[in-house]
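# Overview (structure and organization)
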Amino acid sequence: MPTTVPVILCGGSGTRLWPRSRVDKPKPFLPLLGERTLFQETLLRCPEDQGFGAPLIVTGNQHLEHVEAQMDVAPGAKVIVEPEGKNTAAAIALAALRLPADAVMLVCPSDHHIGDPEAFVEAARTASEIASSGWLVAFGIEARSPETGFGYLKPAAPIAFGKGFRVYDFIEKPNLEKAKSFIEAGDYFWNGGIFAFTAGLFLEELGEYRPDMLAAARKAVEGGHEDGHRFHPDAAEFARIRGESVDYAVMENSRRAAMVKAFMAWSDIGNWNALKEARQAEDRANVVKGEADLIDCSNVFVETDGPRVSVVGLSDVIVVVDGDEVLVTSAEGAQKVGKLKGAANQ
């Protein structure tokens, strides 16, 4: 495949995994699944011997210390330091403006889990090839359940000798009834937020649909400065940008939107249920990390960094102890953890 530059987006606060994930050290930088952090695993999924170039990491000052402490697993990586968070379209624009026009960008969130790295590399090869021929390529993730926290993609006509598909529709996060209908139909995929496109084509499309954003991003890069492996855009120009997601600003508007189907055991680890599923060995089994004593329990998740947690006779419950904070929620309530005062008011 063409040399592909991983563009790793490190932002957000991961409040739905509070209290383990906090603003001062959010989930990308935590070892939630094994000894390495999600950020480190993201970098390691894109090795040079598989056709990937040195990563370009986009992050903010609040995460820079963590990024630089963990990026040594990817020699040659460089960092763009955003003056402030402006969502994914602006972050990707900064990266595109720092790359050659024909460079294929593989845009990856820093906090996802992929259980089948070989399938990821294969999907990246296919996406890179299609991107090089003039498409903005999204990864369509196998939709395994009617999730209301994800956007969806519906593929249309095949392209690139059947390796990819035009995108017929981007669907914003649906209600449960609609999500169930997507699963029953069998031809919808989760939008996992992973994309491949050339830097030049992305900037062309951004200029067509969000010219003000492109102009401000270009001025921010032109007025920026390098500091070793860091690049700092001009803060005043960057502040002019109205923050939007890449989906809303570009992908949903573009006539060059395509997708590849990716069956790679993906999870965004977006809440405690998702982390439980990623750790779980069998259905309804209890999942424990730390000292715990469970009696007559099923589908109970416990994570504690010290105190012993004892649970009797419960099902579908999540208990997390982290420092001086304790979280107890039903599995159904896990999506609302980010609304708790402890999570929201950090």
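The preceding data block contains the structure.
Here's a quick rundown of the structure. (Residues numbered from 1 in each chain as written. Predicted model: local features only at pLDDT ≥ 70, side-chain atom pairs only at ≥ 80, totals over all residues. Heavy atoms only, no water.)

## So, the overall build of the protein
Secondary structure summary: the protein contains eleven helices and 19 strands in total. In terms of overall size, the protein behaves like a compact globule, its C-alpha atoms giving a radius of gyration of 20 Å where 346 residues would be expected to give roughly 20 Å. Based on the C-alpha atoms only, the size of the protein along its principal axes is roughly 60 × 45 × 40 Å. A buried classification covers 51% of the 346 residues belonging to the protein. Put simply, 66% of the contacts in the protein that link residues at least 6 apart link residues at least 24 apart. Per element, the accessible surface of the protein, about 15600 Å² overall, is 46% carbon and sulfur. Counting 35 positive and 49 negative side-chain charges, the protein places the averaged centre of each group 4 Å from the other. (Helix = DSSP H or I, 4+ residues; strand = E, 2+ residues; numbered from the N terminus. Rg over C-alpha atoms; globule rule 2.2 N^0.38 Å. Buried < 20%, exposed > 50% of the residue type's maximum accessible area, 1.4 Å probe, protein only. Contact = heavy atoms within 4.5 Å. Areas by Shrake-Rupley, 256 points an atom, 1.4 Å probe, with all protein chains shown as cover. Lys, Arg positive; Asp, Glu negative; His and termini not counted. Charge placed at Lys NZ, Arg CZ, Asp CG, Glu CD.)

## Some points on the packing of helix H3 (residues 87-97) against helix H7 (residues 211-222)
Orientation of H3 relative to H7, taken along the N-to-C sense of each, is 50°, at an axis distance of 9 Å. In terms of their interaxial angle, H3 and H7 are classed as oblique. Considering the relative orientation of H3 and H7, their crossing is right-handed. Judged by residue contacts, Ala 89, Ala 90, Ala 93, Leu 94 and Leu 97 of H3 engage Met 213, Ala 217, Arg 218 and Val 221 from H7. Per-class residue counts for the contact of H3 with H7 are eight nonpolar, no polar and one charged. (Axes fitted to C-alpha atoms, helices over the stretch in contact; angles between N-to-C directions. Parallel < 35°, antiparallel > 145°, perpendicular 65-115°, else oblique. Left-handed = near helix turned anticlockwise from the far one by under 90°. Nonpolar A, V, L, I, M, F, W, Y, C, P; charged D, E, K, R; others polar.)

## Some remarks on helix H6 (residues 199-209)
Spacing of three or four residues puts side chains on the same side of an α-helix, whose turn is 3.6 residues. Taking burial as the measure, the eleven residues of H6 include eight buried ones, the bulk of the element. For H6, the set of buried residues is Ala 199, Gly 200, Leu 201, Phe 202, Leu 203, Glu 205, Leu 206 and Tyr 209.

## Focus: H3
Where burial is concerned, most of H3 is hidden: nine out of the eleven residues are buried. Within the sequence span of H3, burial applies to Ala 89, Ala 90, Ala 91, Ile 92, Ala 93, Leu 94, Ala 95, Ala 96 and Leu 97.

## Some remarks on unusual backbone geometry
For the peptide bond that leads from Trp 18 to Pro 19, omega is 5°, which places it in the cis range. Relative to the assigned elements, Pro 19 resides in the loop between strand S1 (4-10) and helix H1 (38-44). Positive phi is not limited to glycine here, since Ala 160 has a value of about 55°. You can see Ala 160 is positioned in the loop between strand S7 (151-159) and strand S8 (164-171). For Ala 160, a relative accessible area of 28% gives the class partly exposed. Look at Asn 299: it is not a glycine, yet its phi comes out positive at around 55°. For Asn 299, the location among the structural elements is in strand S16 (residues 298-304). You can call Asn 299 buried: its relative accessible area is 14%.

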